[in-house]
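Residues per chain are reported as follows:
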Amino acid sequence: MGKFHPNVDKYVVSRVRALESILLDRGILPADAVDRIVQMYESDTGPQYGARAVAKAWTNPTFKRRLLTNSTAALSELGLEYDQLIVVENTDAVHNLVVCTLCSCYPWPVLGFPPNWYKSPAYRARAVSEPRALLKELGLEVPSEREIRVWDSSSEMRYMVLPQKPDGVDGFTEERLLPLITRDSLIGVATPLPAGGA
Ligand code: FE
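Just so it is clear, the model here is predicted, and its values are computed rather than measured.

Engineer: What exactly am I supposed to notice about the coordination of the iron ion here?
Structural biologist: Four donors placed tetrahedrally around a metal ideally meet at 109.5 degrees, and six donors placed octahedrally ideally meet at 90 or 180 degrees. Taken together, the protein donors to the iron ion comprise Cys 100 (SG), Cys 103 (SG), Cys 105 (N) and Cys 105 (SG), at separations of 2.1 to 2.6 Å. Metal-centred angles of 80 to 130° between the four donor atoms at the iron ion mark the site as irregular. All donors of the iron ion belong to a single chain; written as a sequence motif, their spacing is C-x2-C-x1-C.

So, in structure tokens, the structure goes:
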């Protein structure tokens, strides 16, 4: 994924640092506010909710149907109030890929921080213009007969992929499935980890 770090990142980072230090200097922002928010997204949210929803969907067909048709209801069963998510299911016929072509809209409460490459102009453009080639470069070869559907996120609606269950996990509990479900598999740039590899 290293190839998707645009120069603009450096600019954004220094701008944010400058802004943060002004806010701190003037006492507008409590000293630990930024750290606390970062911490919250890194450890309290992260991709946990997304992964948990997928693990539950893989083991519970009724929950899966709810997740795909009414994600707000399904997520609230997991203790998360969030009404801006559409969940799209990968099948043998369709592979789904999530992008925000305009900027970097992303379902933070479900997936945590977006990876840097998600915000890069290269990813945002190529996810639409040549998704198959892009995915191949990222290490995911989608069979040629499988359609790739690209979902363009917006400030109103965000997307998450329900990946296909890996082989050999029948009878696995949600807890055993969880570590197989990576953030990247929920964006659609990877498949979940194989059962033996986690
Ligand atoms: Fe956006």
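Additional details are given in the paragraphs that follow.
Engineer: It is not clear to me how the packing of aromatic side chains should be interpreted in this structure. Could you clarify?
Structural biologist: Aromatic ring pairs are reported here in terms of the distance separating the ring centres and the angle at which the planes meet. Scanning the entire structure with this criterion turns up five aromatic pairs. On the numbers, 4.9 Å between centres and 65° between planes, the contact of Tyr 106 with Tyr 118 is edge-to-face. Note that Tyr 106 is positioned in the loop between strand 2 (94-99) and helix 6 (108-111) and Tyr 118 in the loop between helix 6 and helix 7 (121-129), a separation of 12 residues in sequence. Three or more aromatic residues link up through ring pairs in this structure, and these residues are Tyr 106, Trp 117, Tyr 118 and Tyr 123. Note that Arg 176 overlies the ring of Phe 172, its terminal NZ or CZ placed 3.8 Å from the centroid.

Engineer: What am I meant to see in the environment of Asp 184 here?
Structural biologist: In this fold, Asp 184 is placed in helix 10 (residues 183-187). Sequence separation of Asp 184 and Thr 91 is 93 residues, and the distance between their C-alpha atoms is 17 Å.

Engineer: Before we go on, may I ask you to explain the environment of Tyr 123 in this structure?
Structural biologist: Of note, Tyr 123 is situated in helix 7. Since its relative accessible area comes to 0%, Tyr 123 is described here as buried. Sequence separation of Tyr 123 and His 95 is 28 residues, and the distance between their C-alpha atoms is 17 Å.

Engineer: What exactly am I supposed to notice about a nonpolar patch on the surface here?
Structural biologist: Together, Tyr 11, Val 12 and Val 16 give the surface a local cluster of nonpolar side chains, amounting to about 280 Å² of exposed area. Considering the arrangement of structural elements, one finds Tyr 11 in helix 1 (residues 8-25). Relative accessible area serves as the criterion here: at 49%, Tyr 11 is assigned to the partly exposed category.

Procedures and definitions
- Residues numbered from 1 in each chain as written.
- Predicted model: local features only at pLDDT ≥ 70, side-chain atom pairs only at ≥ 80, totals over all residues.
- Heavy atoms only, no water.
- Donors = N, O, S within 2.8 Å, 3.2 Å for Na, K, Ca; no water.
- Tetrahedral: all angles 85-135°; square planar, octahedral: opposite > 155°, others 65-115°.
- Phe/Tyr/Trp six-rings, centres within 6.5 Å; stacked < 30°, edge-to-face > 60°.
- Helix = DSSP H or I, 4+ residues; strand = E, 2+ residues; numbered from the N terminus.
- Lys NZ or Arg CZ within 6 Å of the ring centre and 35° of its normal.
- Buried < 20%, exposed > 50% of the residue type's maximum accessible area, 1.4 Å probe, protein only.
- Patch = residues over 30% accessible without salt bridge, like charges linked within 9 Å, V, L, I, M, F, W, Y side chains within 5 Å.
- Areas by Shrake-Rupley, 256 points an atom, 1.4 Å probe, with all protein chains shown as cover.
- Salt bridge = Lys/Arg side-chain N within 4 Å of Asp/Glu carboxyl O.

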